[in-house]
Amino acid sequence: MDTLQQRMQKIEEEIQAACDRSGRKRQDVTIVAVTKQVSADRAREVMELGITDLGENRPEGLLAKQESIESENLSWHFIGNVQSRKVKDIINQVDFLHSLDRLSIAKEIQKRATVPVDCFVQVNVSGEESKSGIEPTNLEEFIIQLAEYDKIRVAGLMTMAPYTENEEWIRTIFRSLRSLRDQIAAKNLDHAPCALLSMGMSNDYTIAIEEGATHVRIGTALVGTESEGDE
Ligand SMILES: *Cc1c(COP(=O)(O)O)cnc(C)c1O
């Protein structure tokens, strides 16, 4: 098993190569290290290697990490599905929410947030029933409705690709999200600059970068899982 440093180096090389292939700049891609399966110590180690963005998918996990990790230069990302009644626990603790996909959550954010929150609207591009996210055909209307909520800023769109070996299918999903992003951004809505794309995980982040991802959410390929150890 590779060390954390070796994994980080390999991911960096692959990100750089994907940027080169697609004519993008490395600085336009942010790695969100998904630490949901590992300890705060592990999260700290990855920060020492230069990671500035951490992602968690459960309120309890987020709050526990924040309690033991203090860093002014860190951005926190909530990447999981959130229940309305849990919004209050996290919304003033995060820099980005990646999973806004319904008005009940928007209403709760409006009620609870003390400052405007950068949100990604999650889109179910693949149409799999198991996936959360708003349907592409309802996206525009949803985002227009969000104008009423001054605590929500639509920073971008997020999706999860299907778990498949079929790279072309994955690519099609990412390309569709980018095209939806472009359509929303072209509307120049004050509340929805929609410049960002959160897509790509351990298995598909290079494809996502080639298709325009600004935020890749990488868990196992980087920090592993708690049970698997390091060396
Ligand atoms: C767990 C998770 C990830 C990271 O997945 P890996 O395959 O471990 O990289 C990314 N995004 C979301 C929404 C997740 O829940």
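Rules used throughout
Residues numbered from 1 in each chain as written. Predicted model: local features only at pLDDT ≥ 70, side-chain atom pairs only at ≥ 80, totals over all residues. Heavy atoms only, no water. Core = buried A, V, L, I, M, F, W, Y, C linked by side-chain atoms within 4.5 Å. Buried < 20%, exposed > 50% of the residue type's maximum accessible area, 1.4 Å probe, protein only. Contact = heavy atoms within 4.5 Å. Phe/Tyr/Trp six-rings, centres within 6.5 Å; stacked < 30°, edge-to-face > 60°. Helix = DSSP H or I, 4+ residues; strand = E, 2+ residues; numbered from the N terminus. Near = heavy atom within 4 Å. Polar contact = N/O pair within 3.5 Å; in protein donor to acceptor, adjacent residues only side chain to side chain. Areas by Shrake-Rupley, 256 points an atom, 1.4 Å probe, with all protein chains shown as cover. Nonpolar A, V, L, I, M, F, W, Y, C, P; charged D, E, K, R; others polar. Arc of directions from axis to C-beta. Salt bridge = Lys/Arg side-chain N within 4 Å of Asp/Glu carboxyl O. Pairing = 2+ DSSP bridges. Right-handed = clockwise from strand over helix to strand, strands pointing away.

S.K.: Please set out the nonpolar core residue by residue, giving values where relevant.
M.R.: Grouped together as the largest cluster of nonpolar side chains are 66 residues, with contacts concentrated most on Leu-54, Leu-100, Ile-109, Val-121, Leu-157 and Leu-222. With residues up to four places along the chain from it excluded, the contact list for Val-121 reads Leu-100, Ile-134, Leu-139, Phe-142, Ile-143, Leu-146, Val-154, Gly-156, Leu-157 and Met-158.

S.K.: Describe the packing of aromatic side chains, listing the residues and the values that go with them.
M.R.: What describes a pair of aromatic rings is the distance from one ring centre to the other and the angle between the planes of the rings. Tallying each qualifying case throughout the model produces 1 aromatic pair. Ring plane angle 45° and centroid distance 5.9 Å describe the contact between Phe-96 and Phe-120, whose orientation is recorded as tilted. Highlighted residues: Phe-96 in strand 4 (residues 96-100) and Phe-120 in strand 5 (residues 117-122), separated in sequence by 24 residues. Just as Phe-96 is buried, Phe-120 falls in that class too.

S.K.: Outline the site of the ligand, listing residues and values.
M.R.: Neighbouring the ligand are Val-34, Lys-36, Ile-79, Met-158, Met-160, Met-201, Ser-202, Arg-217, Ile-218, Gly-219 and Thr-220. Take Gly-219: an N or O atom from its main chain is 2.8 Å from an oxygen atom of the ligand. Separating an oxygen atom of the ligand from a backbone N or O atom of Thr-220 is a distance of 2.8 Å. Contact with the protein chains removes 88% of the 390 Å² of surface that the ligand exposes when unbound. A class-by-class count of the residues in the shell around the ligand yields 6 nonpolar, 3 polar and 2 charged.

S.K.: Help me get a handle on helix 2 (residues 40-48), residues and values and all.
M.R.: Among the residues making up helix 2, those that are buried are Ala-40, Arg-42, Ala-43, Val-46 and Met-47. Angular distribution of buried residues about the axis of helix 2 spans 155°; they occupy a single face of the element. Count one or two residues on from helix 2 and you reach Gly-50, which has phi positive near 110°.

S.K.: Explain the pattern of salt bridges to me, and be specific about the residues and the numbers.
M.R.: Any two side chains of opposite charge can pair if their charged atoms end up close together. Under the defined criterion, the tally for this structure stands at 20 salt bridges. One salt bridge connects Glu-12 with Arg-26, and the closest N-O pair in it is separated by 2.7 Å. Of the two residues, Glu-12 sits in helix 1 (residues 4-22) while Arg-26 sits in the loop between helix 1 and strand 1 (30-34), which places them 14 residues apart along the sequence. Using a relative accessible area of 21% as the deciding quantity, one classes Arg-26 as partly exposed. Measuring nitrogen to oxygen at the nearest pair gives 2.8 Å for the salt bridge that ties Glu-128 to Lys-131. With relative accessibility at 23%, the residue Glu-128 sits in the partly exposed group. Overlapping salt bridges, with partners in common, bring together Arg-21, Glu-168, Arg-171, Arg-175, Glu-210 and Glu-211 in one network.

S.K.: Just give me the short version of the pairing of strand 2 (residues 53-56), but keep the residues and values in it.
M.R.: A two-sided burial pattern is seen for strand 2, the buried positions comprising Asp-53 and Gly-55 on one face and Leu-54 and Glu-56 on the other. Sheet topology places strand 1 next to strand 2; 2 bridges connect them, and they run parallel. When the sheet's bridge partners are listed, Ala-33 is paired in strand 2 with Leu-54. Handedness of the strand 1-helix 2-strand 2 crossover: right-handed. Relative to strand 3 (residues 75-78), strand 2 runs parallel, the two sharing 4 bridges. In the strand pairing of strand 3, Leu-54 is matched with Trp-76. Note that the unit made of strand 2, helix 3 (residues 59-68) and strand 3 has a crossover that is right-handed.

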